[in-house]
Amino acid sequence: MEKLFGYKPLKRQHQVNGQYCDIIAVGQSQQLVVLELKNSEDRYIVQQLTRYYDALLEEKYFAQQINLQIPVILVAVAPRFHRDNYTDRKYHQLKFRFLRFYVIFQEKRFSLNLIDVDTNENFHLNFDYSLKNISDKNIPIPPKRFYQLVEKCTPQQQSKLAKFREKVLIFDHRMEELVQD
C-alpha cells in the first residue's frame with residue numbers, strides 16, 4: 001500500500017462495533033484511510049464503508065496516528081462494481097474511491113493492477129510468487145468424486161488437474177475441499 005498509494009497500514013481485519021474493516025491505514029496527510037477489499041462484485045460496498053466510517057469516528061480509534069479534522073478516504077477495491085454502487089456513491093455526502101483490480105501472470109511473475117474507475121489512473125505492482133513445497137503439506141487424498149470427474153480425461157489432463165488441486169489447497173491454510181453430490 002505504501003508503494004502504490006503512500007498509505008501506511010495500521011491494522012488489518014480491525015473489529016469495531018461488530019464490523020470488520022479489511023484495512024485501516026493512514027494517508028500522507030495523516031488522514032484516516034479505510035479500505036474494503038472484495039474478490040467479486042458486491043452491490044453494498046458503499047454502505048459497508050459508511051458503517052466502518054461511522055464506527056471508527058464514533059470510537060475515535062487511532063486518534064494518536066490520524067488527524068480526524070481531515071476528510072477520511074474510503075476506498076473500495078473489487079474486480080468490478082455493481083451499478084448500484086455508482087448510484088449510492090453519487091448521492092452520498094462522503095467521498096469514495098473505486099479501484100478495479102486484476103492480476104496478470106506472465107513469465108513466472110505476477111502483476112497486481114489497480115485502476116481508478118474515475119480517473120483511469122493505473123497502479124501496478126510486480127511480485128514473484130513461488131509455491132511452497134507440496135511434499136511439506138498434508139494434502140488429503142482426493143475424494144472419490146474427484147476421480148469420477150476426471151476419469152474421462154487423458155492421463156496428462158488428470159495429472160494437470162491433480163497438480164492444480166494441490167496448488168489450490170496449499171495456497172492458503174484456510175483453503176479446504178468440500179465435496180457435494
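From a predicted model like this one, the values you see are computed outputs, not experimental measurements.

K.L.:
I'm lost on the side chain of Arg 165 in this one. Help?
P.N.:
Its place among the elements puts Arg 165 in helix 5 (residues 155–171). With sequence-adjacent residues up to four places away left out, Arg 165 is seen in contact with Ile 139, Pro 140, Ile 141, Pro 142, Pro 143, Phe 146 and Glu 177.

K.L.:
What is the right way to look at the sheet that holds strand 3 (residues 32–37) in this model?
P.N.:
The seven strands are arranged 1-2-3-4-5-6-7 in an open sheet whose pairing can be described as mixed. With one partner strand each, in any of the chains shown, strand 1 (8–16) and strand 7 (122–127) form the two edges of the open sheet. When the angles between neighbouring strand axes are averaged without regard to direction, this sheet yields 25°. Where strand 3 lies against strand 4 (residues 73–78), five bridges are found, and the strand directions are parallel. Each bridged residue has a counterpart across the sheet, and for Leu 35 the counterpart in strand 4 is Val 75. The sheet contacts of helix 2 (residues 45–59) involve strand 1, strand 2 (19–26), strand 3, strand 4 and strand 5 (96–106), and relative to strand 3 the element is tilted by about 145°.

K.L.:
Would you mind showing me how to read the packing of aromatic side chains here?
P.N.:
Any aromatic ring pair is given by two values, namely how distant the centres are and how the planes are angled relative to each other. Scanning the entire structure with this criterion turns up five aromatic pairs. Summarising the aromatic geometry, the rings of Tyr 86 and Phe 98 are spaced 5.4 Å apart at their centres and angled 70° between planes, so their arrangement reads as edge-to-face. Taken as a pair, Tyr 86 in helix 3 (residues 83–90) and Phe 98 in strand 5 lie far apart in primary sequence, twelve residues in all. With a relative accessible area of 34%, Tyr 86 lands in the partly exposed category. Judged by its relative accessible area of 0%, Phe 98 falls in the buried class. Of the aromatic side chains, those joined through ring pairs into one cluster are Phe 5, Tyr 7 and Phe 123.

K.L.:
I would appreciate a short explanation of the packing of helix 2 against helix 3 in the present structure.
P.N.:
Relative placement of two packed helices is described by the angle separating their axes and the distance separating the axes. Remark: helix 2 packs on helix 3, axes separated minimally by 8 Å, with the N-to-C direction vectors making an angle of 45°. Classified by the interaxial angle, the pair formed by helix 2 and helix 3 is oblique. Taking contact as the criterion, the partners of Ile 45, Val 46 and Gln 47 in helix 2 are, on helix 3, Asn 85, Asp 88 and Arg 89.

Thresholds, definitions, all that
Residues numbered from 1 in each chain as written. Predicted model: local features only at pLDDT ≥ 70, side-chain atom pairs only at ≥ 80, totals over all residues. Heavy atoms only, no water. Helix = DSSP H or I, 4+ residues; strand = E, 2+ residues; numbered from the N terminus. Contact = heavy atoms within 4.5 Å. Pairing = 2+ DSSP bridges. Axes fitted to C-alpha atoms, helices over the stretch in contact; angles between N-to-C directions. Phe/Tyr/Trp six-rings, centres within 6.5 Å; stacked < 30°, edge-to-face > 60°. Buried < 20%, exposed > 50% of the residue type's maximum accessible area, 1.4 Å probe, protein only. Parallel < 35°, antiparallel > 145°, perpendicular 65-115°, else oblique.

Remember that the coordinates give geometry; whether it matters functionally is a separate question.
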